[in-house]
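So you can see what is in the structure, the chains are spelled out below.
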Amino acid sequence: MKVRVRYAPSPTGHLHIGNARTALFNYLFAKRHGGDFIVRIEDTDIERNVETGIESQLSHLKWLGIDWDESVDKPGEHGPYRQLERLEIYQQYAETLIEKGLAYKCYCTSEELAEEKEALKKAGHDKLHYSRKCLGLPDQDKPHTIRFKVPDKTEYTFNDLVKKAVTFKSEDIGDWVILKRNKIPTYNFACAVDDHLMEISHILRGEDHITNTPRQLMIFDAFSWERPTYGHMTLIVNENHKKLSKRDESIIQFIEQYKNLGFLPQALFNFIALLGFSPKSDDEILDKAELIGLFDESRLSSSPAMFDKEKLHFINNRHIKKLSDEALLELCLPYLNKAGIGKDETDDWFESLIKVFKDRLVYGAQIVELYRDFFEHPFKIEEEALTFIQQDGVRNLLETFKSKLEQAENIDPDTIKSHIKAAGKETDMKGKMLFMPIRISVSGTMHGPDLPQMMNLMGKKILIDRLDKTIGMI
RNA sequence: GGCCCGUUGGAGAAGCGGCUUAACUCACCAGCCUUUCACGCUGGCAUUCACGGGUUCGAAUCCCGUACGGGUCACCA
């Protein structure tokens, strides 16, 4: 049987990190097993559909490097791929279920149902199941839903790819709606019907779907269809161990936001693939091809995956370091331009700027912050640095160096280096006692990028000014 | 509350009955490299796997219970 998997988003907004993970693992699974990856649009909630939802979902998947074999823009033999275009199909299958006596029409209004539930709750019941009072009623010409008649005393056991054997009992599930009053199917019904019709072999989805599985299994069984294999991936949780919620502001949640900040798609792909999965590899910096080769569904984790921002930053930085200088400049340039940095500078200037910060850059937009920290912010010396420059000879060194700088025609990195050397010789300072005071005097801190490069970028005026200020503080 | 799931170092996370005196990564510390910084490299960092009982010659790994955390209970997906 051919491996066919699907990612089934509802077009209610932008691509969320959790959905991206679902898509990514299905993609990895398909590619690993030489199967097909399908994107099906589950737009049966007409209230919540967003106009640009589909386009946004698809374009961001593409940006991440995930492509598909069949979808709305690339029809295969199992279309249509939007559920709203498949309405007659679901209606027909629902009708069949009624004919078989496995489903029935329900004329209850939402108000009635709410009251019923309230009464059960008051009576202390845990299971707030539908009373079945419409079961067996003669056909009426009234608006109605169609409910699935849940079988008595049946166990639904499936061998989950991640959780292993999972069992649900039918008595824990009440008769549920398969076709809404507006003739549109509910999620569980449409999903099961489509998974069968589209010949989906494996379903990898978030653990929040695990309680939906028995309902979908009921549909498969009702039609005697072959059940697909399910795998429920752990939830992604935040530092408080809570499911990532779209309203959680402590974590950036949408792929688009990462894209806008200048994160790299290959890094995001790498990071997301490690959310609930650990490849049999010591190295964690992996590209798409490596990840496909390493993917193994038996290594999906069953305990929650923590969204570790630090790790994302680390991974992105590692991928940035792999970029060529040209590619990195291309990534950073829009942010610099927008911030008005380097308006009158040459290409060379930009190139050295990129070189100077490449090692520590976490994401594209950060270049602005880094630049400002070192070049624009009011000059001030950190405490530990201030202590350092109080040592003997520092003042003399800085004054010597400053006078050389003042006379210098140009301040390219090599020239600066030779002036540092000369100043060291004249004042008998070397090693850390030579470089560190100069570093501090121009940046205010004991840690930073390559010294001559950084000084060249700063320009003579700023350098002299900072040197003066530092000397004044000794 | 019912049903489902989870609990390993400062953090992420492997291991799922003997090969583990618990891999790997981040962070941190030390050393090396570099006339500074950063990069890189090397080493250090859990005698212990939520807790209590049990099974076993042997348990982080299996079973039971407790605690804590989470998910889910829609005419949403």
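Residues numbered from 1 in each chain as written. Chains lettered and ligands numbered in written order. Predicted model: local features only at pLDDT ≥ 70, side-chain atom pairs only at ≥ 80, totals over all residues. Heavy atoms only, no water.

Caption draft 1: Broad picture of the overall build of chain A. Regarding its fold elements, chain A presents 19 helices and eleven strands. Once the C-alpha set of chain A is aligned to its principal axes, its extents read approximately 105 × 50 × 40 Å. For chain A, the proportion of its 474 residues judged to be buried stands at 50%. Considering only contacts within chain A whose residues lie at least 6 apart along the sequence, 75% involve residues at least 24 apart. (Helix = DSSP H or I, 4+ residues; strand = E, 2+ residues; numbered from the N terminus. Buried < 20%, exposed > 50% of the residue type's maximum accessible area, 1.4 Å probe, protein only. Contact = heavy atoms within 4.5 Å.)

Caption draft 2: Here's a closer look at the domain arrangement of chain A. Segmentation of chain A into domains returns domain 1 (1-71 + 234-322), domain 2 (85-233) and domain 3 (328-473). Here domain 2 and domain 3 have C-alpha centroids that lie 67 Å from each other. (Domains from an automatic or database assignment.)

Caption draft 3: A look at the protein's contact with RNA strand B. By nearness alone, 60 residues border RNA strand B, and Thr44, Asp126, Lys180, Lys242 and Gly448 come closest of all. One of the backbone N or O atoms of cysteine 108 is found 2.6 Å from a base nitrogen in RNA strand B. A distance of 2.9 Å is found between a phosphate oxygen of RNA strand B and a side-chain nitrogen or oxygen belonging to lysine 243. Broken down by secondary-structure element, the contributors of at least two residues to the surface near RNA strand B are helix 4 (110-122), strand 6 (164-169), strand 11 (305-306), helix 10 (309-322) and helix 17 (432-443). Considering each element in turn, the surface near RNA strand B owes the most residues, five residues, to helix 17. (Near = heavy atom within 4 Å. Polar contact = N/O pair within 3.5 Å; in protein donor to acceptor, adjacent residues only side chain to side chain.)

Caption draft 4: Broad picture of the packing of aromatic side chains. Inspection of the entire model under this criterion finds 21 aromatic pairs. Their ring planes at 85° and their centres at 5.2 Å tell us that tyrosine 93 and phenylalanine 223 sit as a pair that is edge-to-face. With a gap of 130 residues between them, tyrosine 93 in helix 3 (residues 87-99) and phenylalanine 223 in the loop between helix 6 (213-222) and strand 9 (229-233) connect regions that are remote in the sequence. Judged by its relative accessible area of 12%, phenylalanine 223 falls in the buried class. When the ring of phenylalanine 271 is compared with that of phenylalanine 307, the centres are 5.2 Å apart and the planes differ by 80°; the resulting orientation is edge-to-face. You can see phenylalanine 271 sitting in helix 8 (residues 265-273) and its partner phenylalanine 307 sitting in the loop between strand 11 and helix 10, a full 36 residues away along the chain. (Phe/Tyr/Trp six-rings, centres within 6.5 Å; stacked < 30°, edge-to-face > 60°.)

Caption draft 5: Expanded view of the sheet that holds strand 7 (residues 177-179). Strand order in the open sheet formed by three strands is 3-4-7, with antiparallel pairing between adjacent strands. At either margin of the open sheet sits one strand with a lone partner, and together these are strand 3 (103-106) and strand 7. Neighbour-to-neighbour, the strand axes of the sheet open up by a mean angle of 45°, direction not taken into account. Bridge count for strand 4 (residues 145-148) against strand 7 is two bridges, and the pairing is antiparallel. Along strand 7, the bridge assignment pairs isoleucine 146 with leucine 179. (Pairing = 2+ DSSP bridges. Axes fitted to C-alpha atoms, helices over the stretch in contact; angles between N-to-C directions.)

Caption draft 6: Layout of helix 4. The end-to-end C-alpha distance of helix 4 is 18 Å, a good match for the 18 Å that 13 residues give at a rise of 1.5 Å each. One or two positions beyond helix 4, positive phi appears at glycine 124, with a value near 85°. (Expected span 1.5 Å × (residues − 1).)

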